[in-house]
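Survey of secondary and tertiary structure
Spelled out from the first residue to the last, the chains are:
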Amino acid sequence: MSGEHVDAVVVGSGFGGSVAAYRLAEAGKSVVVLERGRDYPPGSFARTPAEMSRAFWDPAEQLYGLFDVWSFRGFDSVVSSGLGGGSLIYANVLLRKDEHWFVNEEALPGGGYESWPVTRADLDPHYDAVESMLGATPYPLDHPAFASTPKTHAMQDAAAELGLDWQLPPLAVSFAPRTEAEPGLGLPLAPSTYGNLHGAPRVTCRLCGECNIGCNDGAKNSLDHTYLSAAKHHGADVRVLHEVQAIRPRPEGGYEVDFVVHDPEQATRKPPRHTMSCDRLVLAAGTYGTSYLLLRDRERFPGLSDTLGTRFSGNGDLLTFLMRPRTAPASGRSTPARARSSPARSGCPTTSTVPPDVGGAPTSRTAATRTSSAGCSKGPTSPMRSPAWRASRSSGSARSSRTLRRPAPPRRSRS
Ligand SMILES: Cc1cc2nc3c(=O)[nH]c(=O)nc-3n(C[C@H](O)[C@H](O)[C@H](O)COP(=O)(O)OP(=O)(O)OC[C@H]3O[C@@H](n4cnc5c(N)ncnc54)[C@H](O)[C@@H]3O)c2cc1C
Ligand code: SF4
């Protein structure tokens, strides 16, 4: 039986969960957010090779770190495990979906395309709200401290060479200490009206280029600093290291949620299970986490579609590394090898101190934007190169026990 009962339980604290938690709490509902990962105040993200080798999520191996690697046949993914979800490691690029893409890809039998149930116009007010909350702003290339970022200029040059448009996309990064103030490097950030759940000082972006392994300066306007802090301000109970393991509907209405509480200091393979109940259950554990929970308990949800867990795809980004960029004699700029019209050719000069994520000046190919953004994490500290990552890539590795083959059998345990 469940002990605690609340209006809403939100599973996961990424983009979906944090916005839902904020809106529900703002509406006066009692809300509990159950996030499996830790919280990461500024300064707490792993940096040394030793720290990075343990920065993986695998409680069965007493690992409670940021990076969760899922392996499928022919398809591997890295997702985040921490308070703020993917916002802790994403590339900060906030693009609105093109209004022409609100159709189904498959042509209808009689010709034409089926429209989505929502339009871009329906979503625009919500985009406005999110951009405001996340402080979306273009990279301030016209300000002295940010004007000479080689990556941005290399992208400009490449776009010019290819005859493509380029633009500075909105980024959820604080470049200025407050709205309307002049941008500058490493300036103390003004506190927000809803406070900050970490209670730690933040500074503006200092162009370190470490966005994909967590911002130790608090310059990224990640969800912990924004929506989750606002949710907490409105009374949401935000709990970290709480991993949901099972969900089920209650006969009398609402849901029961089973979860374990991890304690990294006293790691145990089988922490005790707890149960709570709620009127509304928001599953926001990410593409894999939510699908996993539903597949695992699918017999309890007979209305679920058979297509659950099928038709996955990557998001079109590619990780690329550019070694030994040359300097173009004419411009004097550091530039990658001759531009080609493939997204995989874009990248950032590793010899510069340009941030991989904040300095992107994409061409009109938006996929290329984050291709280069995500690919330039500092080599030695990139999670892709850590011993744990390499171990996970080799067959029969210690992490292979976490491999999920689709469809997941009901009740299969990952931890
Ligand atoms: C390197 C990288 C760069 C990216 N760059 C961009 C970008 O620039 N722009 C962009 O728009 N998108 C970007 N993305 C994609 C974006 O981060 C994701 O689309 C987004 O995070 C998905 O949000 P979500 O709420 O569905 O899940 P997530 O943000 O992944 O959040 C899910 C949360 O649920 C938690 N969770 C999972 N299972 C459980 C459980 N059983 N119990 C409790 N908690 C659980 C996880 O720990 C996590 O915190 C990037 C992604 C990556 C990996
Ligand atoms: S470059 Fe990225 S990680 Fe570094 S301070 Fe700026 S936002 Fe943070």
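The residue numbering used here restarts from 1 in each chain and proceeds along that chain's sequence as written. Throughout, the order in which chains and ligands are written sets their labels, letters from A for the former and numbers from 1 for the latter. With pLDDT at 70 or above as the cut-off, local features in this predicted model cover only qualifying residues; side-chain atom pairs require 80 or more to be listed or tallied, and sums for whole chains, interfaces and linings still use all residues. Each side-chain value is derived from all of the structure's non-hydrogen atoms; neither hydrogens nor water enter the calculation.

**Looking at the site of ligand 2**
As a reminder of what qualifies: What makes a residue near a molecule or strand is one non-hydrogen atom of that residue sitting within 4 Å of it. Note that Gly is not counted as nonpolar here; it falls among the polar residues with everything else outside the nonpolar set of Ala, Val, Leu, Ile, Met, Phe, Trp, Tyr, Cys and Pro and the charged set of Asp, Glu, Lys and Arg.
The environment of ligand 2 is made up of 13 residues, and the closest members are Cys205, Cys208, Gly209, Cys211 and Cys215. Residues of the shell around ligand 2, tallied by class, amount to 8 nonpolar, 1 polar and 4 charged.

**Things to note about the sheet that holds strand β11 (residues 237-239)**
What counts here: Two strands are counted as paired when DSSP detects at least two bridges linking them. Helix and strand assignments come from DSSP, with helices taken as H or I runs of at least 4 residues and strands as E runs of at least 2, each series counted from the N terminus. All axes here are fitted lines through C-alpha atoms, helices being fitted over the stretch that makes contact, and every angle between N-to-C directions spans 0 to 180 degrees. Here a residue-residue contact requires only that any non-hydrogen atoms of the pair lie within 4.5 Å.
Spatially, 6 strands are ordered β11-β2-β1-β14-β13-β12 in an open sheet, and the strand pairing comes out mixed. Looking along the sheet, the strands with just one partner apiece sit at the ends: β11 and β12 (242-249). Taken over all neighbouring pairs, the strand axes of this sheet differ in orientation by 40 degrees on average, direction set aside. Across 4 bridges, strand β1 (residues 4-11) lies against strand β2 (residues 31-34) in parallel orientation. Residue pairing for β2: Val10 is matched across the bridge by Val33. The strands that helix α6 (residues 286-296) touches are β1, β12 and β14 (273-283); relative to β12, the one it contacts most, it runs at about 45 degrees.

**Brief notes about the pairing of β2**
As a reminder of what qualifies: The rule is simple: take the accessible area with a 1.4 Å probe, protein chains only, and divide by the maximum for that residue type; under 20% is buried, over 50% is exposed, in between is partly exposed. By the criterion used throughout, a crossover qualifies as right-handed when its path from the first strand across the helix to the second strand runs clockwise, the strands pointing away from the viewer.
Residues Val31 and Val33 of β2 are buried on one face, and the alternating residues Val32 and Leu34, pointing to the opposite face, are buried as well. The parallel pair β1 and β2 is bridged by helix α1 (residues 15-26), and the resulting crossover is right-handed.

**Overview of the packing of aromatic side chains**
Aromatic rings considered in pairs are described by the distance between their centres and by the relative angle of their planes. Heads up, the condition is: Each Phe, Tyr or Trp ring (for Trp, its six-membered ring) is paired with any other whose centre lies within 6.5 Å, and the angle between the two planes then decides the class: stacked below 30 degrees, edge-to-face above 60, tilted in between.
What the rule picks out here adds up to 16 aromatic pairs. When the ring of Phe72 is compared with that of Tyr288, the centres are 5.2 Å apart and the planes differ by 40 degrees; the resulting orientation is tilted. Taken together, the positions of Phe72 in strand β5 (residues 67-72) and Tyr288 in helix α6 put the pair 216 residues apart, joining distant regions of the chain. For Phe72, a relative accessible area of 18% corresponds to the buried category.

**What about the layout of surface pockets?**
Which entries qualify depends on this criterion: A cavity here means a set of 1 Å grid points, computed over protein atoms only, where a 1.4 Å probe fits but cannot escape. A pocket is an open set with protein on both sides within 12 Å along at least 5 of 7 lines, and lining residues have an atom within 4 Å of a point. Grid points are joined across faces, edges and corners, and a volume is the space filled by probe spheres set on the points.
For the second largest pocket, the calculated volume is near 780 Å³. The wall of the second largest pocket is formed by 33 residues, among which Ser174, Arg178, Thr179, Leu189 and Asn221 lie closest to the centre. Going through the elements one at a time, α3 (120-133) and β9 (137-138) are the ones with two or more residues in the lining of the second largest pocket. Ranked by the residues each element gives to the lining of the second largest pocket, the list is headed by α3, at 3 residues. By residue class, the composition of the lining of the second largest pocket is 17 nonpolar, 12 polar and 4 charged.

**A look at the pattern of salt bridges**
Convention followed: Whenever Lys or Arg places a side-chain nitrogen within 4 Å of a carboxyl oxygen from Asp or Glu, that contact is recorded as a salt bridge.
Under the defined criterion, the tally for this structure stands at 16 salt bridges. Between Arg239 and Glu4 there is a salt bridge, and its shortest N-O distance comes to 2.6 Å. Here the residue Arg239 occupies a position in strand β11, and Glu4 occupies one in strand β1, the gap between them amounting to 235 residues. Residue Arg239 is classed as buried on the basis of its relative accessible area of 15%. Residue classification places Glu4 among the partly exposed residues on the basis of a relative accessible area of 33%. One salt bridge in this structure joins Arg248 and Asp258, with 2.8 Å as the shortest N-O distance. Taken together, the residues span a long stretch of sequence, with Arg248 in strand β12 and Asp258 in strand β13 (residues 255-261) at a distance of 10 residues. Asp258 shares its class with Arg248; the two are buried. The network of salt bridges with shared partners includes Arg96, Arg120, Asp124, Asp128 and Glu131.

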